[in-house]
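# Secondary and tertiary structure notes
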Amino acid sequence: CNACHIGPDHPQWEIYQESPHGISYMTGGHTWNWEAEPGTLTTADIPAATCATCHISGFGTSESTHDVGDRLAWYLFAPQSTRRPDWEGNLARMQGVCIACHNQTFIDSFYAAADAATEAVNDWVVESDAIVNPLVEAGLLTDEPFDQPIDFTHFELWHHWGRTAKFGVWMQGPDYVQWHGAYEILSDLAELREIAAELQGEHSR
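Attention in this report is confined to the structure presented alongside it. (Residues numbered from 1 in each chain as written. Predicted model: local features only at pLDDT ≥ 70, side-chain atom pairs only at ≥ 80, totals over all residues. Heavy atoms only, no water.)

With that settled, the discussion passes to the environment of Ala 92. Relative to the elements of secondary structure, Ala 92 occurs in helix H4 (residues 87–98). By relative accessible area, which is 48% here, Ala 92 ends up partly exposed. (Helix = DSSP H or I, 4+ residues; strand = E, 2+ residues; numbered from the N terminus. Buried < 20%, exposed > 50% of the residue type's maximum accessible area, 1.4 Å probe, protein only.)

The structure is reproduced here in structure tokens:
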């Protein structure tokens, strides 16, 4: 998985390594039963989630799948995340994996918090658009992509830090939610406001 799911815009591998699941895998995974027959996998074989456990394997009450988006409720990669078409069915299938280790109270609490955090990141992205769009409408930005500093800041806010924060929330990597996510988003918002004020001030002279 980490051949692709790595780096500043989708650091799932790094997030997994610091998550409770990843720490369990890194410290005890060599003792797990990787030879279990398909369809027989239980917590006795794999006592903490791996990438495959959550997204592919038959585990808990969920059957195996080759569709890695089959258990995801949100389009987390988008600038503003929206629910997937069959998000309720996807959610049920993912929670069918979670329930093998966690009780429903924990699962419900986790999902409520992660949904709220996803919406919070959406709100920050909307705020960034509200700063930049008036500049576009006023003709203060060029038509060329990535030829002005504000282009990079506006892009990285959602593409790097917004996505990282959302992935961090859903995969339980707090450092990526906060310092590599929310902190960077707020920093970029401050920078966008400053650049916008400078451009508008120059235009009004």
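Once you've had a look at it, read on.
A contiguous patch of negative charge on the surface is contributed by Glu 191, Glu 194, Glu 198 and Glu 202. Inspection of the secondary structure puts Glu 194 in helix H7 (residues 174–204). (Patch = residues over 30% accessible without salt bridge, like charges linked within 9 Å, V, L, I, M, F, W, Y side chains within 5 Å. Areas by Shrake-Rupley, 256 points an atom, 1.4 Å probe, with all protein chains shown as cover. Salt bridge = Lys/Arg side-chain N within 4 Å of Asp/Glu carboxyl O. Lys, Arg positive; Asp, Glu negative; His and termini not counted. Charge placed at Lys NZ, Arg CZ, Asp CG, Glu CD.)

Moving on, we get to H4. Taking 1.5 Å of rise per residue, 12 residues should cover 16 Å, and H4 covers 16 Å from first to last C-alpha, within 8% of that figure. Buried within H4 we find Gly 89, Asn 90, Leu 91, Met 94, Gln 95, Gly 96 and Val 97. Those residues of H4 hidden inside the fold are in contact with helix H3 (51–55) and helix H5 (104–137). (Expected span 1.5 Å × (residues − 1). Contact = heavy atoms within 4.5 Å.)

Attention now goes to the side chain of Arg 163. You can see Arg 163 is positioned in helix H6 (residues 149–171). A relative accessible area of 10% places Arg 163 in the buried class.

This paragraph deals with the packing of H5 against H7. Two numbers describe how H5 lies on H7: the axes approach to 10 Å, and their chain directions differ by 15°. Taken as axis vectors, H5 and H7 run roughly parallel relative to one another. The chirality of how H5 crosses H7 is left-handed. Note on element contacts: H7 touches H5 through Ala 182, Ile 185, Leu 186, Leu 189, Leu 192, Arg 193, Ala 196, Leu 199 and Gln 200, opposite Val 121, Trp 124, Glu 127, Ser 128, Ile 131, Val 132 and Leu 135. Considering only residue class, the contact of H5 with H7 consists of 12 nonpolar, 2 polar and 2 charged. (Axes fitted to C-alpha atoms, helices over the stretch in contact; angles between N-to-C directions. Parallel < 35°, antiparallel > 145°, perpendicular 65-115°, else oblique. Left-handed = near helix turned anticlockwise from the far one by under 90°. Nonpolar A, V, L, I, M, F, W, Y, C, P; charged D, E, K, R; others polar.)

To continue, consider the state of the cysteines. All told, the structure shown has 0 disulfides when counted by the stated rule. Among the cysteines around Cys 4, which has no disulfide bond, Cys 1 carries the closest sulfur, lying 9.1 Å off. Overall, the relative accessible area of 55% leaves Cys 4 in the exposed class. For the unlinked cysteine Cys 101, the closest cysteine sulfur is that of Cys 98, found at 8.7 Å. Since its relative accessible area comes to 43%, Cys 101 is described here as partly exposed. (Disulfide = S-S within 2.5 Å.)

Remember, this is a structural readout, not a statement about activity or role.
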